[in-house]
Structure formats: structure tokens, C-alpha cells
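# Close look at the chain arrangement
Chain by chain, the residues:
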Amino acid sequence: MSRKLKALNLLFATSALALPAAYAQGTPDAEARQETVVVTATPIRDSQLAAIEAKREANNVVDVLAADTIGRFPDQNLADSLGRVPGLAIERDQGQARFINFRGAPFRYTKIAFDGIDVLGAEDGRTPRFDAFPSVITSRIAVNKAITADMPGEATVGYVNIDTFKPFDREGWSFSAEAGYGNQELGDVPINKYNGRLSFSNDQFGFLVFGSHNLRGRITDNREYGYEDSDGDGDTGVASIDFRSYRGDREDNAYGGRIEFRPTPDSSVFFSTLFSEFIDREERNQYVFDFDDMEIGTSAYQPVVVVTRLLEDGLYENSTSTNTLGYDGLFGDWSVEARLNYTQTKHSDFLPIPYSVGGVLGAEVDLTSVFDPSIELTQVGQPGTTGDINHLDYAATFGLTFAGNTDTDATKAKLDLERDMELFGSPTTVKLGGQYDTREVTGGSTLAFGGFPSSVDINQFVTGVPWSADFRNTIMATNIANPQLRSAWEAAVGGLSPAYDEDSLIKIEEDVLALYAMGTSEYSWGNLVYGVRVEQTDFSSQGTLVDENGTTQSINASNDFTNILPSIHANFDLNEDLKLRLSASTGVSRPTYTEMRASQSVNVTNTPPEVTGGNPYLDPEESWGIDAALEWYFAPASLASAGAYYRKIDNVIYPGSSTVDGSVYAPGIIPAGTATTYNSFFNGKDGELSGLEFNLIYSAADFLPEPFDGFGASGNVTFIDSSFYAPNLDNTYSLPGTSDTVLNASLFYEKFGWSARVNYQYRDAWLSTTENDSLTEYWDDTTRVDASLRYTLPRDVFGTNVTLALNGNNLTNEKDTRYVNTPATPNQYEGFGRRWVFSVRVDY
């Protein structure tokens, strides 16, 4: 409770001066509201006003981010932008925002769309990766929290629709370009950003093209811990420590455009395309020190320490390419929107690792500070001597290669019809539509273990350059020239291209047919939005069954299910500035393609027999829930709101083991009725997710005189609770991704061409949604402070507006921690430093 009280205190502290002024001045009348809309010297406020107005006019519970709001935060990608929305929290990788937990739910419970066209997630077909999409491609983001019938059923808890820029947004020629340069303080590695957009439109024709390139050098200092209970007394101690240094760069590129023709004022034909990719080039230097377990907070000399070395020059890539042909027009009294879309996603990992084992040294091990441990190396059993980690001899070196990919091809046909009519005695907008998706998915993975060429001497690639460390580099490690080492390895063996494991192969065809009908009826008190969506899913999965001898046979599985998804939303206008929203909605989350693959491995020599692989007979996760929100629009660019939500989720999917009839999953190998251990994915039950959201957006321009009218503040806090029961583990867990408290707060000032903003984000611990097969690994509390400073030159430069900007991320130099079961047993701690970027933007 103390954390929640502290969060509320911080939220309302951002407006300590705001609300008294609001009450003192009173609520501006409608005429004043109209006057403030035309102000153009305050881009943060104007964008805030537009977002608030869009929220106010919406027919469901939604939060909106507008273009200038996005651009004037120090956002590196869309995950950073979305992390400021009430109830949304960021999960980072090595300090950089990547995934979004929507209202405390797992990643895949959120559906992402571009201009109303939902796309598959590049990670596994379901999970959206927001670090692949730069913020600059968006004109507006609508974060839908209560789902209507015309939205995809897979939006189990949320639907994020990203509106891109359109050529008719501005008349005539328009041009915008930005170039930036900066660095990450840890290692002083460079950061580059470039983006541009060009558009033209007249009465009937328009086109727009855009491009974006961001390159971020990175160094991450990392410590990881292993625990053992060597004497069996139930108390675990630290038995190994990893010293890791990651370096390399992360790059995202996006480009695309739209061409549009309007033959009449009421019709439009267009083609749009968007390609976005994320590339992560990673080098790793890793040393694992194994010793007799020790208690945290102690120090001791370890006469014998066994050392393992892992080196890597790896590559992670994912991309999304989406192309849409569209028509908007009238057919009698009906407005028609027709879309034909083709989307392709690709995800791949390739990590070749020289893996050296059996090195031996002695060490003074100091765990007084577990987050910054000290290991001072000596010769074996000789305290006071010096050990050399950089040229240590190992008993053996192996070649370890992890590789994997998932590729999807999806074709979508979508038709929406809308008209106004009298229905049940009330003016009503009726909307009917359908959508057909056909998807093909292929992929696989391997963890290949083999020899390493003796002709390659790793010691020749020791650079002698010390690690760039955020913690103490007490082992005196220096960098290895990993790219050159990998090249020598490839040359010695004729290339590195391991085949995928047979039991990992994915080949799936999935068809989804959706039909919906909905109405929006207007009443004196507000409106009622009601409808139903029906989704029919058919899929087939082809795979390979491989036994312990390597013998393979084909295996096929299929499944189908129908989901009926009703929803209803009531929006009450309590007075001119006060709205009450009540809603009930339903949703469905299909298994990922890795989870639903048919491929299996089987071992009949075990007792009982054992099968490991995907589970094509999983049921989809199904949800129903309610939302309530009270929204007070107490000034044109100001808002106070409170909301509550509840979701009941059945068939929660989790990894585990169970005893099954082995013949179902290994036909022809395991006899019918044989009890078999099945290591796969399973459906849990009794999932619940609930929360309370409080949100405040305040602009002093509506209440205070100059120069104080340039101030503004926003803040939101969400309190969340979740649980589900895992029958195979006979235990209840929180849903992966649920933090009890999520908090965002920001202050800004804009005046005289200057624009400054400071943003604070906090979320407390949550069950990890990645690297977590045992449901025991958690992320600890995370905090971020970012800031942005901008200045627009007072005079045009060759007819253009020029803005100078300085962005800073992680200003308080926070570290990220993971732990096993309790914070008392951390298993990962990493630092990455601050980031700074200076940029120049030109607008015409």
C-alpha cells in the first residue's frame, strides 16, 4: 500500500499548482474553448488539445497520442511513446524499450494496426515488437481499451491503431526533415538519427513518401548469478557469477508512402506501403565463474574456480512489410470502405558462439555488494598472485550455434459498410462488415553443438582494450575482436549454416473469417454502441516427429474454433464537460505459431516415454470484461479521469509438463493408452485481470497569465492485479507482465519558441514474459527519467521553420534487475548509461 500511496502523491504533485488555479478561475465557456483551438505557437498544448478532443468524441474507452505530442518527447521508438499512456508499461531489453504490457497483460493480448489494418506480430506471429517502428512515421495513435465489434477479436485487452501521415493532411507541398547525432555515455558510442517526409496534394491527387533511419551504438555491462543449495539445508547461495559485456549497435529503418486519387469529393482510391525493420548486431564477451556457494553479503578466497568463456558476434533481425489497396466511397445511402492488404513479417536470430570450458583459476570473491561483485583472480590455490583471464588455457573449446526464424505471409480482404437510419425510434449509425485473413507461416530453430577448429587461436583476437564497464571490472577483462574471430571460424569450416532441429519446424496455414454488425444509437443522454463479431478460425499444422535415434516421420494436425464476441458501450453526457462510460466486451487470443506447431521429439527409452514440442490442440485464450470511466474535461487542453476495468480470461496458455496419452502426439511410435510425459504448452484456467486508472492532463494556458501560461503537466497511475491457475504446476501465478503499480508523470513549459519537458516513468516488479519457462523469473522495479529541450528559431530560414532539439534518456543512470522468486536472489543486473541526442528539424 505504501508504494501505491507514494505513486498517488507523485501523480498529484505534478498538478499541485494546477487544480487550485482551475477552481479559482472556473471552467472556460464554449466560446473560449473555440478561441484556443487556433493558437499555433504552443505545439505541445495544441497537440494535447487535439488528442483530448478525439478522446472526448470517441464512442469507447480510448486514449489518443497526437503527432506533436509524440515528437516532443525523447522517444526512441513507439514503445517509448506508448509507455506514457495510462495502464501501459514498457518492458526493455538492455535498456531500450521493446514490448508493451497493456494493462498488465502479456504482450500478445494487444493487437496492432496501421490505418485500421491489423498486422501480425513479427516476433512470433502474435506479439507486436514496438522497437521496430520509429515514432516519426505516426500522425496519431489511438489506444483502444474497450473493444467494439468492428475491431479485431484478437484485441483481448487492447487495440493500438497507428495512423500514418496522409497526403491530404496538408494542401500543396509539405516537407519535413530531421538529422540528429548523439552518444551513449557508457563507452561513448555514437547515435545517429535521420528522417524525412515529403507530400503534395491538390483537389484530387496527392502523394506522400517518408523514410527514417536510426542507428544506436550500445554497450551493456551485465552481471548474472547462479544459485545452489550444496548442503541441502534449504538455503541457496551464490555458486556462479557471469561477467558479461555486450556491445554493438541497433538499427531501425522505415520507409513507405501513399498515393491517392479522389475522383469525386465523396470517393477515394489509394495505395499505401510501409516497410519497417529492426537490426541488432551484438557482440558478447562472457566469463562464467563457478565456485563453492557463498551467502550474499560475504567474501571468501576460493582456491579453485572453474571458468567458462562464451564469445559471440551475432545478429537479430525482424521486419514488417505491409501494403494496402483501398477504396472509400458511397453506394446509395451506404458509405463503403474496401481494403486489400498483403503483409509479410520476418524474424531471425543467428548467434555463433565459441564455447570454451574447463579453465581453472583461484579468486578472492567478494559478494558484499551483490549488484557489483568483485572477483580478483589468482593462480590456483595461491592467494596474493595474479591470474590472467584474457589468455587463460581451457580444457576444450566447442562451437555453439543458435539460429532460428519465423516468417509469415498474410493476405487480408476487408469490407466495411456504414449508414445512418432510424432504429428502435432513435437516430442510429449502422455498421456492417467482414474480414478474411489467410496466413502461411514457416520457421524453425536449432541449438547446434559441435567442434571448434583447432587452427583458430582465440588468443590472437585479444585486443588488450579494457571493457567499457558500468560496474567494477575486477577480472581485468579486455575486449575480443569477435567479428574477426567469427570470420576466421567461418573460413576454417567453410561457413556456418546449421540445419534446424526437426522438432522445431513450423509450417502452418491459418484462415480467419470475421463478420460483424454494430449500431450506434443517439439519445438525449449520450449514445449506446452495441454489436457482435463472429470469428471462425481454421488452421492446419504440418511438422516432423523425430525419435531418439534421429528417425523422422511427418505429422499433421488441424484444429478449428468459432468465437462469438458481443460488446456494448454506453456513453453518458452527464453535463457539457463530464462523461461517464460503461462497457462490456469480449476477445480471443490465439496461440503463437511456436506454441501451436505440430513438430515433436519423442524418447521411448525414458520411463515413462517423453514427448517435447508444440501443442496444436491448444484452445485459444478467451476473455470477457467490463470497463468504467469518468472523464472531466475541465478546460480545452485539460482532463481529469478515473477508470476501472476487469477481465476474466479462460484457457491461459503457459509452458509446462503433463502426463498424457502419448499416442495422440506420437502416433505410430507410442502405443495407444501409454502414459507419457509431455513437455509443451498448456491451457490454464481462472485467469483474472483488474485495475484502477487515474489520469490528469493540465495546461496552465487556460488558467494562468503570462509567463506562467506556458506551464503544463500530465500524470497517470494504474493499480493492477492479476492471477491464473496452472493445473500442471498446481499453483496460482500472476499473469506475465503484471506490475501492481504503473506510474507516469511529466512537466512541460513552452513559451517564446522554447519547449521543455521532463518525463518520469515507474513500474514495480512483474513476472517476466520472456526467457521464463519455469514461471519463477521476475523483473524488479524499473524507473526512468527522460527530458527534451527544443527551440524554434524566431524567423523563417529560406521559408522553412527550423527547430533545434536536445533529448536525454535515462538521466538518472538507472540499472535493470531480474530475480528468481524473490528480490533476495537476483539473477541479472545490467547497466547501460545515459543517452543524448542533438538534432535539427526543418519544416515547410
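For the structure, see preceding data.
Residues numbered from 1 in each chain as written. Predicted model: local features only at pLDDT ≥ 70, side-chain atom pairs only at ≥ 80, totals over all residues. Heavy atoms only, no water.

Once that is clear, we can look at the overall build of the protein chain. Of the regular secondary structure elements, the protein chain holds seven helices and 41 strands. Taken along the three principal axes of its C-alpha coordinates, the protein chain extends 85 × 65 × 50 Å. Considering the protein chain as a whole, with its 844 residues, one finds that 58% of them fall into the buried category. Of all intrachain contacts in the protein chain linking residues separated by at least 6 positions in sequence, the fraction that spans at least 24 positions is 72%. When the accessible surface of the protein chain is split by element, carbon and sulfur atoms take 55% of a total near 32900 Å². (Helix = DSSP H or I, 4+ residues; strand = E, 2+ residues; numbered from the N terminus. Buried < 20%, exposed > 50% of the residue type's maximum accessible area, 1.4 Å probe, protein only. Contact = heavy atoms within 4.5 Å. Areas by Shrake-Rupley, 256 points an atom, 1.4 Å probe, with all protein chains shown as cover.)

Moving on, we get to the sheet that holds strand 4 (residues 110–114). The five strands lie next to each other as 1-6-7-4-5, forming an open sheet whose pairing is mixed. Edge positions in the sheet fall to strand 1 (62–66) and strand 5 (117–119), since each has one partner strand and no second. This sheet shows a mean twist of 25 degrees between the axes of neighbouring strands, independent of strand direction. Bridge count between strand 1 and strand 6 (residues 138–144): five bridges; the pairing is antiparallel. For Asp63, the partnering residue across the bridge sits in strand 6 and is Val143. Running at roughly 155 degrees to strand 1, helix 4 (residues 43–57) makes contact with strand 1 and strand 6 of the sheet. (Pairing = 2+ DSSP bridges. Axes fitted to C-alpha atoms, helices over the stretch in contact; angles between N-to-C directions.)

Okay, helix 7 (residues 482–493) next. When the terminal C-alpha atoms of helix 7 are compared, their 17 Å separation across 12 residues agrees well with the 16 Å that a helix rising 1.5 Å per residue should span. Taken as a whole, helix 7 has its buried residues at Asn482, Leu485, Arg486 and Trp489. Down the axis of helix 7, the buried set is contained in an arc of 100 degrees. They therefore lie on one face. Those residues of helix 7 hidden inside the fold are in contact with strand 11 (237–261), strand 12 (268–294), strand 13 (299–331), strand 14 (334–366), strand 16 (396–423) and strand 19 (478–480). Looking one or two residues beyond helix 7, the residue adopting positive phi is Gly494, at roughly 80 degrees. (Expected span 1.5 Å × (residues − 1). Arc of directions from axis to C-beta.)

Let us now look at the packing of aromatic side chains. Tallied over the full model, the rule gives 31 aromatic pairs. Taken together through their ring pairs, the aromatic side chains of Tyr617, Tyr654, Tyr665, Tyr678, Phe682, Phe724 and Tyr733 make up a single cluster. Sitting over the face of the ring of Phe165, Arg197 holds its NZ or CZ atom 3.7 Å from the ring centroid. In this arrangement the basic side chain of Lys751 is found over the ring face of Phe752, its NZ or CZ atom lying 5.9 Å from the centre. (Phe/Tyr/Trp six-rings, centres within 6.5 Å; stacked < 30°, edge-to-face > 60°. Lys NZ or Arg CZ within 6 Å of the ring centre and 35° of its normal.)

It is worth spelling out the environment of Asp816 at this point. Looking at the secondary structure, you find Asp816 in strand 39 (residues 816–820). Owing to a relative accessible area of 2%, Asp816 belongs among the buried residues under this scheme. Residues Asp816 and Val742 lie 74 residues apart in sequence; the distance between their C-alpha atoms is 16 Å. Apart from the residues within four sequence positions on either side, Asp816 is in contact with Arg92, Gly95, Trp779, Thr782, Arg784, Gln828, Tyr829, Glu830 and Phe832. Here the side chain of Asp816 touches Arg784 through a polar contact of 3.1 Å, side chain to side chain. (Polar contact = N/O pair within 3.5 Å; in protein donor to acceptor, adjacent residues only side chain to side chain.)

Now for unusual backbone geometry. The general pattern is negative phi for most residues beyond glycine and trans for most peptide bonds. For the bond running from Thr607 to Pro608, omega is -5 degrees, close enough to zero to count as cis. As for its placement among the helices and strands, Pro608 is situated in the loop between strand 24 (600–603) and strand 25 (610–613). Even without being a glycine, Asn813 presents a positive backbone phi close to 55 degrees. If you trace the backbone, Asn813 turns up in the loop between strand 38 (801–809) and strand 39. Residues other than glycine seldom take positive phi values, yet Asn821 does so here, at roughly 70 degrees. Along the chain, the position of Asn821 falls in the loop between strand 39 and strand 40 (826–831).

The subject of this paragraph is the nonpolar core. Within the largest apolar cluster, 54 residues are counted, with the highest numbers of intra-cluster contacts made by Leu82, Phe114, Leu689 and Phe724. Setting aside residues no more than four positions away along its own chain, Phe724 makes contact with Val652, Tyr654, Lys685, Asp686, Gly687, Asn731, Thr732, Tyr733, Ser734, Leu735, Pro736 and Leu775. (Core = buried A, V, L, I, M, F, W, Y, C linked by side-chain atoms within 4.5 Å.)

The next point concerns helix 4. Taking 1.5 Å per residue, 15 residues should reach 21 Å; helix 4 reaches 21 Å between its end C-alpha atoms and fits that length. Within helix 4, 11 of the 15 residues are buried, leaving the element largely enclosed by the surrounding structure. Along helix 4, the residues that are buried comprise Pro43, Ile44, Arg45, Asp46, Ser47, Gln48, Leu49, Ala51, Ile52, Lys55 and Arg56.

What follows covers a nonpolar patch on the surface. On the surface, a cluster of nonpolar side chains totalling about 1000 Å² of accessible area is made up of Phe752, Trp754, Leu789, Leu793, Val797, Phe798, Leu804, Leu806, Trp836, Phe838 and Val840. Ranked by residue count, the leading element in the nonpolar patch is strand 41 (residues 835–843), at three residues. Among the secondary structure elements, Leu806 is positioned in strand 38. According to the relative accessible area criterion, Leu806 is partly exposed, its value standing at 36%. (Patch = residues over 30% accessible without salt bridge, like charges linked within 9 Å, V, L, I, M, F, W, Y side chains within 5 Å. Salt bridge = Lys/Arg side-chain N within 4 Å of Asp/Glu carboxyl O.)

Side chains of Asp231, Asp233, Asp235 and Glu295 sit close together on the surface and give a patch of like negative charge. You can see Asp231 is positioned in the loop between strand 10 (205–228) and strand 11. A residue is classified by how much of its surface remains accessible, and Asp231, at 55% relative accessible area, is exposed. (Lys, Arg positive; Asp, Glu negative; His and termini not counted. Charge placed at Lys NZ, Arg CZ, Asp CG, Glu CD.)

By the secondary structure assignment, Leu325 is in strand 13. Given the relative accessible area of 46%, Leu325 is considered partly exposed. The spacing of Leu325 and Ser268 is 57 residues in sequence and 11 Å in space, taken between C-alpha atoms. Once residues within four sequence positions are removed from consideration, Leu325 is found in contact with Phe270, Phe271, Ala338, Arg339 and Leu340.

The pairing of strand 9 (residues 189–201) with strand 10 spans 11 bridges and is antiparallel. Opposite Gly196, over in strand 10, you have Gly211 as the bridge partner. Between strand 9 and the antiparallel strand that follows it, strand 10, lie three residues. In this structure, strand 10 lies alongside strand 11, joined through 24 bridges in antiparallel fashion. Note on strand 11: the bridge partner recorded for Arg218 is Gly248. Inspection of the sheet shows strand 10 paired to strand 40 by four bridges, in the antiparallel sense. Of the residues in strand 40, the one forming a bridge with Asp221 is Gly831.

On to the pattern of salt bridges. What the rule picks out here adds up to 61 salt bridges. Between Arg98 and Asp93 there is a salt bridge; the shortest N-O distance is 3.7 Å. Judged by its relative accessible area of 12%, Arg98 falls in the buried class. As a salt-bridge pair, Glu706 and Lys751 come within 3.3 Å of each other at their nearest N and O atoms. Pair noted here: Glu706 is in the loop between strand 30 (685–699) and strand 31 (711–726) and Lys751 is in strand 33 (residues 741–751), with a separation of 45 residues, a long-range link. Assessed through its relative accessible area of 57%, Glu706 is described here as exposed.

With respect to the helices and strands, Arg597 occurs in the loop between strand 23 (578–589) and strand 24. The side chain of Arg597 is buried and forms no salt bridge, while Asp503, the nearest opposite charge, is found at 5.5 Å. A distance of 2.8 Å separates a polar atom in the side chain of Arg597 from the backbone oxygen of Thr594.

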